[in-house]
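# Descriptive analysis of the structure
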Amino acid sequence: MSKHPDLSQLSTEQLRALAVQLMTSLESKDRVIVHRDAVIEKLSHELATLKRHKYAQRSEQMNDLQASLLDELVEGDLAAIEIELAELTVVDAPAQAKKQPKRAPLPAELPRTLIHHEPENTQCSCGCQLKRVGEDVSEKLDYVPGEFTVERHIRGKWACTQCETLIQAPVPAQVIDKGIPTAGLLAQVLVAKYSDHLPLYRQERIFARAGFAIPHSTLAEWVGACGVQLQPLVDALRSTLLEHNVLHADETPVSMLAPGKKKTHKAYVWAYCTTPFSDLKAVVYNFAPTRAGEHARNFLGDWQGKLVCDDYSGYKAGFGNGITEIGCMAHARRKFFDLHQANQSTLAEQALEYINQLYRVEREVKDLPPDKRHAIRHEQARPIADALHQWMLIHRQKVPDGSSTARALDYSLKRWTALTRYLNDGAVPIDNNWVENQIRPWALGRSNWLFAGSLRSGQRAAAVMTLIQSAKLNGHDPYAYLKDVLTRLPTQKSNAINALLPHNWTSAILSKVS
C-alpha cells in the first residue's frame, strides 16, 4: 500500500501540484466511466429492441424461411450483446446468480472419450500425501462430420487426512463458459455457416440425422458468443494489414433487414487485402450499412499507401490525403469487351489485343521478385501501354461524343495515369481481380442467407469470414484452424494474440511435436 503524504509538511506549491494531479486523475476516471456508461446504455437499448422483435408478432410479409433465418440472427445478436454487457459490468456489479435451465444429459449411446484432469502435485503443504476422495464430472459435446461424440472430463478430488486440505485440477477454460460444445463443434458450426453457407436451421437437421438435435436458437447463441471472442483476432489482423504499403479494396452489396422493418435495404461488405505479390496473405472484411466513402476512410484511418481499386467515388477523398490511386486494367478491358460483344466492334477488338499483350507480360513476371518484375515491365509493357494510349487518343477524335465507343475510350483516357502506375512499381498489380476473388464468398452466400438481420449480424459474419478466408489463403483447413484457435483463445495472453492469426498460426499439436 502506498504511503499517503503528510499534507502538513507540504509547501503551498506542492499542495497546488497535488491538487492538480488529483483533479486530473478524477477527470480521467470520469471520462472512462462516462464512456462505459454510454456503451452500456447503447447495448441495453439494442438488447431491448432485439427482445421486442423476438417476442413480437410476425410480419405477414415474411415467409417461414425468412422468419427462421431472422430468428437465427436475432438469437446470435442477443447472445453477443449479453456477453459484451457482462464484460462491461463485471467490475462494479456483484455477481448475480443467474437461473440456468436444467440441461438434459447427453445421450448415453453416444461414444465417450474420457479426459482426466489431476493436480500436478499431490503432496500436501503440510508434508502428507493427498488421497483421492472423489471427482467432478462434466461432459462436452464434440462433432466430427457425420458423428457426435462426448468428451467426459473427470476432475479428481484430492484431500489431506491430516489438515483437511482439498485440491482439484482447474476447470479447463472454454470459449463458452459452462456450455456443452467443444471447440471442434463450434468450429464445425462456424465453418458450415460462413464457409459452406449453410443456415443454422439446415445444420439443425443435419445434426438431428447424426443423432443429437440441437435447436437452431442454441446454435445461434453459440455463433454470437464466438463472434465476440474472435473479434480481437480480426482487429489484430486489420492492424497487420495496414502495415503494408500496397492494398486492394472492393465492395459488394448485401441485403440487410433491421429488426422491426418489413423491407430490406442495401448494405455493403468492403474487402481489403494484400496483393498476390505480398508475403502476407490476408483479407479483412468490413460490413457497413451504406456504400458511403466514410466507411473506407474509417477503416483505412491514417494509412498512406497505394490502393488498388475501381473507379468508385467513395475512395476519392483518400487520394488527397496521402493515398495513391492504382487503377484496374481489368475494368478498362471490360468496357471494350462489352463493346465487342454488343456489336463486334473492330476498334474494341484492337483495344483488347493491346490489353491482352499487357497481360501476357504479367503472366511472364508474376513469380518474379518486384525489382525484376519492374525491369521487365519497363522494357516490354511500357512501349505497349504508350502505343495503346496514342492509339486511343487518335481514335477518340474520330468517334462522336456520347457513343458507346466514346464511353469505352473515355473510361481509360480519363484514368490513364492511375491505370499505368503499376508500371512504376514491381510490387503493384495490374488490376483489382485479386480482391474480387476474395469477395466472391459473399456473392456465393447471398442466395442462402437472403439477408443480414442487423448491422451487428453482418459485422459478425464479416469477422468470422475474415478469419476463414485468410486461413484458406495461407493453405489452412478452416475447420482445423478455428478448432485450434477456439481451444487456445481462452488462455491466450493478449500480447500473444498475433500467434493465432492465420499467417502466423501453427497447430498446437504440431507445436508440441516440434
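All values reported here derive from a predicted model rather than from experimental measurement.

In terms of helices and strands, the protein carries 16 helices and 9 strands. Looking at the protein as a whole, 45% of its 514 residues are labelled buried. Within the protein, residue pairs in contact and separated by at least 24 positions form 66% of the contacts whose partners lie at least 6 positions apart. For the protein, the accessible surface area stands at approximately 27500 Å², while carbon and sulfur atoms represent 52% of it.

Strands sit in the order 7-6-5-8-9 across an open sheet of 5 strands; the sheet is mixed. The open sheet has two edge strands with one neighbour each: strand 7 (283-288) and strand 9 (324-326). The mean angle between the axes of side-by-side strands here comes to 30 degrees, regardless of whether they run parallel or antiparallel. Two strands pair when backbone bridges link them, and strand 5 (residues 246-256) and strand 6 (residues 265-274) are joined in this way by 10 bridges, in the antiparallel orientation. Paired with Thr252 across the strands is Val269, a residue of strand 6. Along the sheet face, helix 5 (residues 216-241) touches strand 5, strand 6 and strand 7 and points at about 115 degrees away from the line of strand 7. On the sheet, helix 6 (residues 293-300) packs against strand 6, strand 7 and strand 8 (306-308) and is oriented at approximately 35 degrees with respect to strand 6.

Attention shifts here to the packing of aromatic side chains. Across all of its chains, the model carries 11 aromatic pairs by this definition. Members of the aromatic cluster, joined through ring pairs, are Tyr143, Phe148, Phe207 and Phe212. It is Arg238 that lies over the ring of Phe299; its NZ or CZ is 5.0 Å from the centre. The side chain of Arg415 reaches across the aromatic face of Tyr411, ending 4.0 Å from its centre.

Further remarks concern the pairing of strand 2 (residues 131-144). Pairing of strand 2 with strand 3 (residues 147-159), which is carried by 13 bridges, proceeds in the antiparallel orientation. Across the sheet, Lys131 pairs through a bridge with Ala159, a residue of strand 3. Linking strand 2 to strand 3, which pair antiparallel, is a turn of 2 residues; within it Gly146 sits at a positive phi near 95 degrees.

On to helix 3 (residues 183-194). The end-to-end C-alpha separation of helix 3 is 16 Å, in line with the 16 Å expected for 12 residues at 1.5 Å each. Among the residues of helix 3, those classed as buried are Ala183, Gly184, Leu185, Leu186, Ala187, Gln188, Val189, Leu190, Val191, Ala192, Lys193 and Tyr194.

The subject of this paragraph is the nonpolar core. One finds Leu141 and Leu230 to be the most contacted residues of the largest nonpolar core, which totals 82 residues. Of the residues forming this core, the biggest block, 12 residues, is contributed by helix 5. Dropping the residues within four chain positions of it, Leu230 is found in contact with Leu190, Val464, Leu467, Leu482, Val485, Leu486 and Leu489.

Our focus in this paragraph is the packing of helix 3 against helix 14 (residues 455-473). Closest axis-to-axis distance for the helix 3/helix 14 pair is 10 Å, and the angle between their directions is 100 degrees. The angle between helix 3 and helix 14 places the two elements in the roughly perpendicular class. Facing Leu190, Val191 and Tyr194 of helix 3, the residues of helix 14 in contact are Arg460, Ala461, Val464, Met465 and Ile468. Grouping the amino acids of the contact of helix 3 with helix 14 by side-chain chemistry returns 7 nonpolar, no polar and 1 charged.

Another point: the confidence of the model for the protein. Scored by pLDDT, the protein comes out at a mean of 85, with 80% of its residues at no less than 70. Taken as a whole, residues 57-66 scores under 50 in pLDDT and shows 13 contacts with residues more than four places along the chain or in a different chain.

Attention shifts here to the pattern of salt bridges. Two side chains that carry opposite charge are able to pair once their charged atoms sit near each other. For the coordinates displayed, the defined rule picks out 18 salt bridges. Two residues, Arg396 and Asp401, come together in a salt bridge whose shortest N-O distance is 2.7 Å. Overall, Arg396 belongs to the buried group, its relative accessible area being 16%. Residue classification places Asp401 among the exposed positions, given a relative accessible area of 67%. In this structure, Arg488 engages Asp484 in a salt bridge whose closest nitrogen and oxygen atoms are separated by 2.6 Å. Of this pair, Arg488 and Asp484 both sit in helix 15 (residues 478-488), 4 residues apart, which is roughly one turn of that helix. What you see here is one network of salt bridges that share partners, running through Asp311, Lys316, Glu325 and Arg415.

Further remarks concern the environment of Gly184. Locating Gly184 in the fold gives a position in helix 3. On the basis of relative accessible area, Gly184 is assigned to the buried category, the value being 2%. Separated by 40 residues in the primary sequence, Gly184 and Val144 have C-alpha atoms spaced 7.4 Å apart. For Gly184, the contacting residues outside a window of four places in its chain are Asp142, Tyr143, Tyr479 and Lys483.

For Lys178, which is not glycine, the phi dihedral falls at a positive 65 degrees. Here Lys178 shows up in the loop between strand 4 (166-168) and helix 3. Phi angles above zero are rare outside glycine, and Gln344 is one such case at about 55 degrees. Among the residues examined, Gln344 registers a relative accessible area of 52% and is labelled exposed.

Of all 6 residues in strand 7, 5 are buried, a share of seventy percent or more. Relative to strand 7, strand 6 is paired through 6 bridges, and the arrangement is antiparallel. In the sheet register, Ala271 faces strand 7, and the bridge partner there is Tyr285.

What follows concerns the state of the cysteines. For the structure shown, the criterion picks out 0 disulfides. In this structure Cys124 is not part of a disulfide, and its nearest cysteine sulfur, from Cys163, lies 3.3 Å away. A relative accessible area of 7% means that Cys124 is categorised as buried. Cys126 provides the cysteine sulfur closest to Cys160, a residue in no disulfide bond, and the two sulfurs are 3.6 Å apart.

Right, let's talk about helix 7 (residues 329-343) for a bit. For helix 7, which comprises 15 residues, the first-to-last C-alpha distance of 22 Å matches the rise-based estimate of 21 Å (1.5 Å per residue) to within 8%. Tucked inside the fold, the buried residues of helix 7 contact helix 8 (346-365), helix 9 (370-396), helix 10 (404-414), helix 11 (416-419) and helix 12 (433-438). Of the residues one or two after helix 7, Gln344 is the one with positive phi, at around 55 degrees.

Rules used throughout
Per chain, the residues get numbers from 1 upward, laid out in the order the sequence is written. Residue-level local features of this predicted model are given only where pLDDT is at least 70; pairs of side-chain atoms are given and counted only at 80 or more, and the full residue set underlies all totals for whole chains, interfaces and linings. For the side-chain quantities, the full set of heavy atoms in the structure was used; hydrogens and water were omitted. The way it works is that DSSP assigns letters per residue, a run of H or I at least four long becomes a helix, a run of E at least two long becomes a strand, and they are numbered from the N terminus. Think of it in three bands: with a 1.4 Å probe and only protein chains considered, a residue is buried below 20% of the maximum accessible area for its type, exposed above 50%, and partly exposed in between. Note on definitions: a residue-residue contact is assigned when non-hydrogen atoms from the two residues lie within 4.5 Å. Each accessible area is a Shrake-Rupley estimate made with a 1.4 Å probe; only the visible protein chains count as cover when residues are assessed. DSSP bridges decide pairing: two strands pair if at least two such bridges lie between them. Each axis is a line fitted through C-alpha atoms, and for a helix only the stretch in contact is used; angles between axes span 0 to 180 degrees, taken between their N-to-C directions. Working definition: rings of Phe, Tyr and Trp (its six-membered ring) pair if their centres are within 6.5 Å, and the pair is stacked with planes under 30 degrees apart, edge-to-face with planes over 60 apart, and tilted otherwise. Definition used: whenever NZ (Lys) or CZ (Arg) falls within 6 Å of the ring centre and also within 35 degrees of the ring normal, the charge is taken to sit over that ring. One fewer than the residue count of a helix, multiplied by 1.5 Å, yields its expected span. Think of a nonpolar core as a cluster: buried Ala, Val, Leu, Ile, Met, Phe, Trp, Tyr and Cys residues, connected wherever their side-chain atoms sit within 4.5 Å. Roughly parallel covers angles under 35 degrees, roughly antiparallel covers those over 145, roughly perpendicular covers 65 to 115, and oblique covers all other angles. Throughout this entry, Asp, Glu, Lys and Arg are counted as charged residues, while Ala, Val, Leu, Ile, Met, Phe, Trp, Tyr, Cys and Pro are counted as nonpolar. The remaining residues, Gly among them, count as polar. Per-residue confidence from the predictor is reported as pLDDT, which spans 0 to 100. Salt bridges are defined by distance alone: a side-chain nitrogen of Lys or Arg within 4 Å of a carboxyl oxygen of Asp or Glu. Put simply, a disulfide is two cysteine sulfurs that come within 2.5 Å.

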